[in-house]
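Residue-level structure breakdown
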Amino acid sequence: MRSLQNVLVTGGAGFIGGNFIRVLLEKTAEFSGRIVNLDALTYAGNRASLEDLEGPYGGKRYFFEYGDICSRAAVEGVFEKYRIDTVVHFAAESHVDRSILGPEAFIKTNVMGTFILLDTARKYWRDSGGALRQDVLFHHISTDEVYGSLGETGTFSETSAYDPRSPYSASKAAGDHLVMAYHHTYGLPVTLSNCSNNYGPYQFPEKFIPLSILNILEGKPLPVYGDGRNIRDWLYVEDHTRAVWTILRQGLRGEKYNIGGENEWENIKVLHVLIDIAARKAGLDPEKLRGSITYVTDRPGHDRRYAIDCSKIKRELGWKRELGFEEALGRTVDWYLANPGWIEGIRTGDYQKWIEQNYEKREDGMGELR
Ligand code: NAD
Ligand code: TYD
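1. Examining the packing of helix α5 (residues 104-124) against helix α6 (residues 167-186)
With their axes 8 Å apart at the nearest point, α5 and α6 run at an angle of 15° to one another. Classified by the angle their axes make, α5 and α6 are roughly parallel. As for the relative orientation of α5 and α6, their crossing is right-handed in sense. Between α5 and α6, the residues in contact are Phe106, Ile107, Asn110, Val111, Thr114, Phe115, Leu118, Asp119 and Arg122 and Tyr168, Ser171, Lys172, Ala174, Gly175, Leu178, Val179, Tyr182 and Tyr186, respectively. Taken together, the residues of the contact of α5 with α6 sort by class into 11 nonpolar, four polar and three charged.

2. Observations regarding the sheet that holds strand β11 (residues 264-266)
The three strands are arranged β7-β9-β11 in an open sheet whose pairing can be described as mixed. Every interior strand has two partners, whereas the edge strands, β7 (197-199) and β11, have only one. Sheet twist, expressed as the mean angle between neighbouring strand axes with direction ignored, is 50°. With three bridges connecting them, β7 and strand β9 (residues 231-236) associate as parallel partners.

3. Comments concerning the site of ligand 2
The environment of ligand 2 is made up of 17 residues, and the closest members are Glu145, Phe208, Arg232, Arg299 and His302. Here an oxygen atom of ligand 2 sits 2.9 Å away from a polar atom, N or O, in the side chain of Asn197. One of the backbone nitrogen or oxygen atoms of Phe208 is found 2.8 Å away from an oxygen atom of ligand 2. Contact with the protein chains hides 96% of the accessible area of ligand 2, taken as 510 Å² for the molecule alone. Taken together, the elements giving at least two residues each to the shell around ligand 2 come down to α7 (208-218) and β8 (222-225). It is β8 that provides the largest number of residues to the shell around ligand 2, a total of three residues. Of the residues in the shell around ligand 2, the class split is seven nonpolar, five polar and five charged.

What counts as what
Along every chain, residues carry numbers that run from 1 in the direction the sequence is written. Naming scheme: in the order in which they are written, chains are lettered from A and ligands are numbered from 1. The model is predicted, so local features are restricted to residues of pLDDT at least 70 and side-chain atom pairs to those at 80 or more, both for listing and for counting; the totals for chains, interfaces and linings are taken over all residues. Only hydrogens and water are removed before side-chain values are computed, so all heavy atoms of the structure are retained for them. The convention used is that axes are lines fitted to C-alpha atoms, helices contributing only their stretch in contact, and that angles between N-to-C directions extend from 0 to 180 degrees. Runs of E in the DSSP output that reach at least two residues are strands. Runs of H or I that reach at least four are helices, and both are numbered from the N terminus. Comment on the angle field: the value is read as roughly parallel under 35 degrees, roughly antiparallel over 145, roughly perpendicular from 65 to 115, and oblique elsewhere. Handedness of a crossing is defined here by the sense of rotation of the near helix relative to the far one, left-handed for an anticlockwise turn of less than a right angle and right-handed for a clockwise turn. Residues are treated as being in contact if the distance between any of their heavy atoms lies within 4.5 Å. Residues were grouped as follows: Ala, Val, Leu, Ile, Met, Phe, Trp, Tyr, Cys and Pro as nonpolar; Asp, Glu, Lys and Arg as charged; and all remaining residues, including Gly, as polar. By this definition, two strands are paired if DSSP reports at least two bridges between them. We define proximity as follows: a residue is near a molecule or strand when any one of its heavy atoms falls within 4 Å of that partner. Side-chain atoms alone can form a polar contact between residues adjacent in sequence; in general such a contact is a pair of N or O atoms within 3.5 Å, and within protein one must be able to donate a hydrogen while the other accepts it. Areas reported as accessible are Shrake-Rupley estimates using a 1.4 Å probe. Residue values count occlusion only from the protein chains shown.

In structure tokens:
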């Protein structure tokens, strides 16, 4: 079992990175080290998501650094200041629809940002003889979307060929290739995971499940792309974060691990289940809600089906999904019902005011406390 001390989490103010930090600090008895969250607080980053951790852990085991992974000075500064021994790289532009409207930010963060992180790790992680240390680890978080789209049968395994089809998945694929190249060329100790669609607390309400939950609760139309029969393999975010923790401790260097829910659903069926759950919890009329389902123009190049074969991580590292779909969807709906303040902050844009109030952006890409 590998032991970790000073962990750099990139993108920890986002959905999965934030859930990962929470699990590590609150639920994982095996970890007593420090976590540095480096995040540029883009539209998807929300510092309020981790505010409750600041009190018990801030300045002791949890440190927030406002900065851009595309800035070499910012990344080097963090490596130096915290003596990082483990990188868990979540930071990314993550929404397919946005990548279709504006791909450039995806190339910058997902390709250049990943490169800067890898290159800094390579320079920083040298032993006294100049060789790359092997007691450190760079773990890269990626997506099943790099494998492309499936027909009615089959699954993606770790040996499936890459065939990305959106600017988002192409940028993630490029990042994955750089990670493996740094391992093969320079001997950088890396692991990589490709996960299926996540859902759960703190997910930005642009993705299908949180957007649908909020639209249901607010009585708005429920948009479904195309014929609604595209299939995704859904995994509760906490199950994903536990898989990442397992890889950090037991994963073999240079190995890829697919993570999935073995839980394929057509989009339209997800929506019907969500309607039933949310209607029950919020006292709404499910039949009226079904009348709000609105079929809209399909996403260009919309991948038809994703399905992950996660037998390798189950067999080799002993991870498995813990929560069933309907139970975890219920927890997700409960969370959105219990956190109107978080939603309101996003609706009004107030969640971003914290940056203006507290930080000035320096030329090197880091934020300076006012
Ligand atoms: P998210 O969009 O919720 O969060 C991304 C975070 O990265 C935000 O906090 C944002 O501020 C930060 N960020 C963006 N650009 C940055 C930059 N240049 N420098 C520093 N920080 C920056 O994303 P998510 O859904 O939590 O996804 C996290 C990772 O998991 C991504 O790498 C994504 O590709 C991968 N992934 C996501 C899913 C999913 O279903 N959401 C599934 C598989 C893999
Ligand atoms: P999304 O959450 O954007 O994740 P991804 O595109 O990375 O899989 O979308 C999940 C599925 O839901 C995808 O097939 C597109 C579809 N979708 C809708 O039908 N309506 C919507 O409003 C959104 C955002 C997505």
